[in-house]
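Structural description and commentary
In case you want the letters, here they are:
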Amino acid sequence: MATIKLGFAPTRRSIFSAPDAIKYRNLTAGRLEELGVSFVDITDINEEGLLYDDSHVKIIAEKFRAEGIDGLFLPHCNFGTEYVCARLAKELGVPVLIWGPRDERPDENGIRLRDSQCGLFATGKVLRRFKVPFTYMTNCRLKDPEFERGIRDFLAVCNVVKVFKNTRILQIAPRPFDFWTTMCNEGELLERFNIQLSPIPMPELTSEIRQVKEERTEVEKIIKDCKESMNIKISEEALLNVAALKAAMKNLAVKYGCNAIAIQCWNALQGEIGIMPCGANSLLNEEGIPVVCETDIHGAITAVMVEAAGMDECRSFFADWTVRHPDNENGELLQHCGPWPISVAKEKPTLGYPLAFNHPGAVEAEAKHGEMTLCRFDGDNGEYSLLLGKAKGIDGPYTKGTYVWVEVANLKKLEAKLVEGPYIHHCVGIHKDIVPVLYEACKYIGVKPDLYDDNEEEIRAYLRGE
């Protein structure tokens, strides 16, 4: 599971109770510890461990940067000091979570100690003035389920933003000529999102394959793992090439500091090593290194976002929207030649042959059913968006490759979005509901969320804690 570190800067305002603010600072820190949240506090900045003095902003920011925080948590332990919160948030440039504990009833003299909710209204407005995007967790008690859910969702949002802004994709060869759909604007991805490509030619890959074959140790380990986890229906020579390709791609990803791979899977590769890369892709996907087909850079970006939103707890799969279900009007086939990770399969996979090619090396298995999130990062003409929504696995006819039949709420609406764009026939799926997390993460990365279920108010209600 991914580890995210929060900067913990609880805030107060002078006209409300400082002792009560300190009390809630300690209670909140204790609750985060109970939930296993990694955080950096400010108890060394002042004796209260609270943010209220403008002169402390720079010092706190320097500490948080040095500690490498991924998000900023601003609990309003009484009303809070809104402009100091905004200045710190602006200085750090990370996702921001604001929350305050529910206030107790006034005492017998009508005195209120905190007015935390009122302070949240003020901070939200000032953050907007500073043009700082932020996440609001509903005004609730520390033991309320909304608190734990909100914290865990925010950690996942921080993970998406962190990974997205630090993505480097190993591009193995140019896109196949016929795949005009997978063209991308490399310069724009770097300028707008800090997403970097590391392009290498096919000969660099084949050279690395020869080296790992000569070294032999890692290749033999991969062959052993394949024989234990899959039904092998290809020759020993082909299996050797699958293992060598997997080891070579991983070595090159490490060499160039990449967290995802996009490979020109056909047809130059087959002329060089005689196999489809799907099995090798599957093995890397299982390790949490997303590999996508047809040099689909936007697909690789989608995959790293999905894995991050799932906090690396389960693996994603890269699929084609292919054909409609023969019987279900809202059913669709998700399929690809065979790159899906083994853990996605509902049966022991077979390492065999794909649907449309005569070369060996593709995984064959139906994926598990259940609830899924499907999404696609894409863009053209200078605009980028994230198509996302839910689906569930359903029964359908057998087909080759890695596949699953799914049902969505309204296939005709989804089909129109795919045709009218900016999307293509590729998507990424995961057996987890990460729609709210991805929706919220979009505000921090400058990408428009595009909900194909047309349920934005439902998602916003969930994020409000309803």
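Fair warning: this is a prediction, and the values are worked out from it, not measured in the lab.

**Thoughts on the pairing of strand β1 (residues 5-8)**
A regular strand carries its side chains on alternate faces of the sheet. With three bridges joining them, β1 and strand β2 (residues 38-40) adopt parallel strand pairing. Paired with G7 across the strands is V40, a residue of β2. With three bridges connecting them, β1 and strand β3 (residues 71-75) associate as parallel partners. In the strand pairing of β3, G7 is matched with L72.

**Quick look at the sheet that holds β3**
Pairing within the open sheet is parallel, and its five strands lie in the order β2-β1-β3-β4-β5. The sheet is open, and its two edges are formed by β2 and β5 (135-136), each paired on a single side. Strands β1, β3, β4 (96-99) and β5 of the sheet are contacted by helix α5 (residues 145-164), whose axis makes an angle of about 155° with β3.

**Topic: the packing of aromatic side chains**
Taken as a whole and assessed by the stated rule, the structure comprises 14 aromatic pairs. Considering the side-chain rings of F8 and F73, the 6.1 Å spacing of their centres and the 45° angle between planes classify their relative orientation as tilted. Of this pair, F8 sits in strand β1 while F73 is found in strand β3, placing the two residues 65 residues apart along the sequence. As far as burial versus exposure is concerned, F8 and F73 are alike and both buried. When the ring of F73 is compared with that of W99, the centres are 6.2 Å apart and the planes differ by 35°; the resulting orientation is tilted.

**Considerations on the packing of helix α3 (residues 82-92) against helix α4 (residues 116-129)**
Running from N to C, α3 and α4 point in directions that differ by 40°, and their axes come no closer than 9 Å. Relative to α4, the element α3 lies oblique. For the element pair α3 and α4, the recorded crossing hand is right-handed. Contacts between α3 and α4 involve E82, Y83, C85, A86 and A89 from the first element and A122, T123, V126 and L127 from the second. A per-class count over the contact of α3 with α4 returns seven nonpolar, one polar and one charged.

What counts, and at which threshold
Residues numbered from 1 in each chain as written. Predicted model: local features only at pLDDT ≥ 70, side-chain atom pairs only at ≥ 80, totals over all residues. Heavy atoms only, no water. Pairing = 2+ DSSP bridges. Helix = DSSP H or I, 4+ residues; strand = E, 2+ residues; numbered from the N terminus. Contact = heavy atoms within 4.5 Å. Axes fitted to C-alpha atoms, helices over the stretch in contact; angles between N-to-C directions. Phe/Tyr/Trp six-rings, centres within 6.5 Å; stacked < 30°, edge-to-face > 60°. Buried < 20%, exposed > 50% of the residue type's maximum accessible area, 1.4 Å probe, protein only. Parallel < 35°, antiparallel > 145°, perpendicular 65-115°, else oblique. Left-handed = near helix turned anticlockwise from the far one by under 90°. Nonpolar A, V, L, I, M, F, W, Y, C, P; charged D, E, K, R; others polar.

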